[in-house]
Amino acid sequence: MKQPTLRTLSLAICALTLSGIAPTLQAAPQKAGTSASAQQSVKRFVLHTNVVDGKMVYVDDKGVANPTLTVAVGDTVEIELASGEGAEHDLRIDELGVASPKFSGKGTQRVRFTASQAGEFQYYCSIPGHRQVGMFGTIQVTGKSQPAKSASSTSSDAALALYTPITVPQKGADPTAVDISASPTQLPPPIAAHAPQVQKVRLETVELSGKLDDDTSFTYWTFNRQVPGPMLRARVGDTIELTLANAKDSKAIHSIDLHAVTGGHGGGEHTQVAPGQEKTITFKAMHAGLFVYHCATPLVPQHIAAGMYGMILVEPEQGLPKVDREFYVMQGDMYTQRPIGAKVHQDVDLQRMSDELPTYYVFNGAVGALSKTHKMQAKVGETVRIYFGVGGPNKIASFHIIGEVFDKVYSEAALNTIKHSVQTTVVAPGGATIVELKMDYPGSYLLVDHALSRTGKGAVGVLEVTGEGIPGVYKPSAL
Ligand SMILES: [Cu+2]
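Below: a short report on this structure. (Residues numbered from 1 in each chain as written. Predicted model: local features only at pLDDT ≥ 70, side-chain atom pairs only at ≥ 80, totals over all residues. Heavy atoms only, no water.)

## A few points about the environment of Val 465
In this fold, Val 465 is placed in strand β29 (residues 460–466). The exposure class assigned to Val 465 is buried, which follows from its relative accessible area of 3%. Between the C-alpha atom of Val 465 and that of Met 439, which follows or precedes it by 26 residues, the distance is 7.4 Å. If near-sequence neighbours (up to four positions away) are discounted, Val 465 is found in contact with Ala 378, Lys 379, Val 380, Met 439, Tyr 441, Pro 442, Gly 443 and Tyr 445. (Helix = DSSP H or I, 4+ residues; strand = E, 2+ residues; numbered from the N terminus. Buried < 20%, exposed > 50% of the residue type's maximum accessible area, 1.4 Å probe, protein only. Contact = heavy atoms within 4.5 Å.)

Here you go:
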């Protein structure tokens, strides 16, 4: 699909730049000396970023995405950079020692360097995930490479001082990190029987430093500052007007794809929202069931792994059977540069994500969310329903409660297929299940992924059940 609005925006911004900014650029003074230098010149380019056809790209002043830049050895190259859509980017050319400062919606950056060697090199954005979703192109440097001596002499040029190697120091955990874990008991009440209604829902995408574990923080990307995002609840036939706002201080574009939505990539096609903007879609809840929603902005698994998922429950016309307690739980897999337990601010590791080697598995976004931060409680005799989903992005969950059997499982969260007496139920990434169990005996019941190595990586919760055990259900040996 073409995205004429973004393309138009990009072209408009480029035109503005050409008329307003480019003329202020001054040619660098030519160096006197060798005959070769007489051929050298200043080559100027304009590259503004944008999202075109679902990819992040650099767009030149003619509207060409990721254009090939052609220069000659010895040329001074100036590239004017701006973020057309407002997200944060940079530009690097490793072989030529170019690393621009980061730039976002405000203002432009200009890089200036000497093309010191011949060849074809890649320019790209080094913000994690951006190169993988299209932010790269080619710079062709024609002619013969300058001898090393000459290259070193140009390095004294003040302009080149910008291009010092970037080192990433190890940071301790962020002391200002906040709790992002969603409470498992915070969910909307059951929908009373009514005629189909129009519901207005507003979600805000927020990037923030959150607690991943004790003494470990992580830059989460969230819906409404929590992981998972708020549980939405509707009745089949309802029309939902959903507005997605992206916080002003976000560095990335965000969006929402709800698996309950028919058309428009589940909403992902029409909710790509730049920082400080908002967009609205309207959809009909056509299928009853429990559905995952997630961010659908490239690199999609990166946005999901950072916490951008939640669920929408669409109740059938008659509603779901009444239960005593309902809980909202989602599992996610997370990929960090340092091992589990490192007392640092963890950064995302895209290679691990690509290799599907999670460092952490979490329930409700953080280690300990459902064992220390929030309490799940019930009493003997009560029936408990758990809405359980997998944000992923990659790993299947084998959902199990130690010491209990699910009386009912709505397998794959399809409301017409109830299975009884299930020990462990498989839930796909981007999938969900609804389980119900009547509590017959007191104790601490552990929620786990029965791929049990994952309990050591964070995937464990506790359901505390109090009361008198029903006689005959269980009896420990006399002490
Ligand atoms: Cu996102």
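## A word on the coordination of the copper ion
Protein-derived coordination of the copper ion comes from His 254 (ND1), Cys 295 (SG), His 303 (ND1) and Met 308 (SD), at a distance range of 2.0 to 2.6 Å. One way to put it: the four donor atoms around the copper ion meet at angles of 84 to 138 degrees, and that makes the site irregular. (Donors = N, O, S within 2.8 Å, 3.2 Å for Na, K, Ca; no water. Tetrahedral: all angles 85-135°; square planar, octahedral: opposite > 155°, others 65-115°.)

## What to know about the packing of aromatic side chains
Summed over all chains, the structure comprises seven aromatic pairs. Relative to Tyr 474, the ring of Tyr 441 lies with its centre 5.3 Å away and its plane at 75 degrees, an arrangement referred to as edge-to-face. With Tyr 441 in the loop between β27 (431–438) and β28 (443–449) and Tyr 474 in the segment after β29, this pair connects stretches of sequence that are 33 residues apart. On the basis of relative accessibility, which here comes to 55%, the residue Tyr 474 falls in the exposed class. Between Arg 131 and the ring centre of Tyr 124, over which it is positioned, the NZ or CZ distance is 3.7 Å. (Phe/Tyr/Trp six-rings, centres within 6.5 Å; stacked < 30°, edge-to-face > 60°. Lys NZ or Arg CZ within 6 Å of the ring centre and 35° of its normal.)

## Observations concerning the sheet that holds strand β7 (residues 108–114)
Where strands meet in a sheet, backbone hydrogen bonds hold them as pairs that are either parallel or antiparallel. Read from one edge of the open sheet, four strands run β2-β1-β4-β7, paired in mixed fashion. The sheet terminates laterally at β2 (55–59) and β7, the two strands that pair on one side only. This sheet shows a mean twist of 25 degrees between the axes of neighbouring strands, independent of strand direction. One ladder, built from eight bridges, connects strand β1 (residues 42–52) with strand β4 (residues 76–83); its direction is parallel. Along β4, the bridge assignment pairs Leu 47 with Leu 81. (Pairing = 2+ DSSP bridges. Axes fitted to C-alpha atoms, helices over the stretch in contact; angles between N-to-C directions.)

## Some points on unusual backbone geometry
Along the chain, Val 227 connects to Pro 228 via a cis peptide bond; the corresponding omega equals -10 degrees. Within the secondary structure, Pro 228 sits in the loop between β11 (216–223) and β12 (232–235). Backbone torsion omega between Pro 298 and Leu 299 reads -5 degrees, so that peptide bond is classified as cis. Counting through the fold element by element, Leu 299 comes out in the loop between β16 (289–294) and α4 (300–305). The residue Asn 224 is not glycine, and still its phi comes out positive at about 60 degrees.

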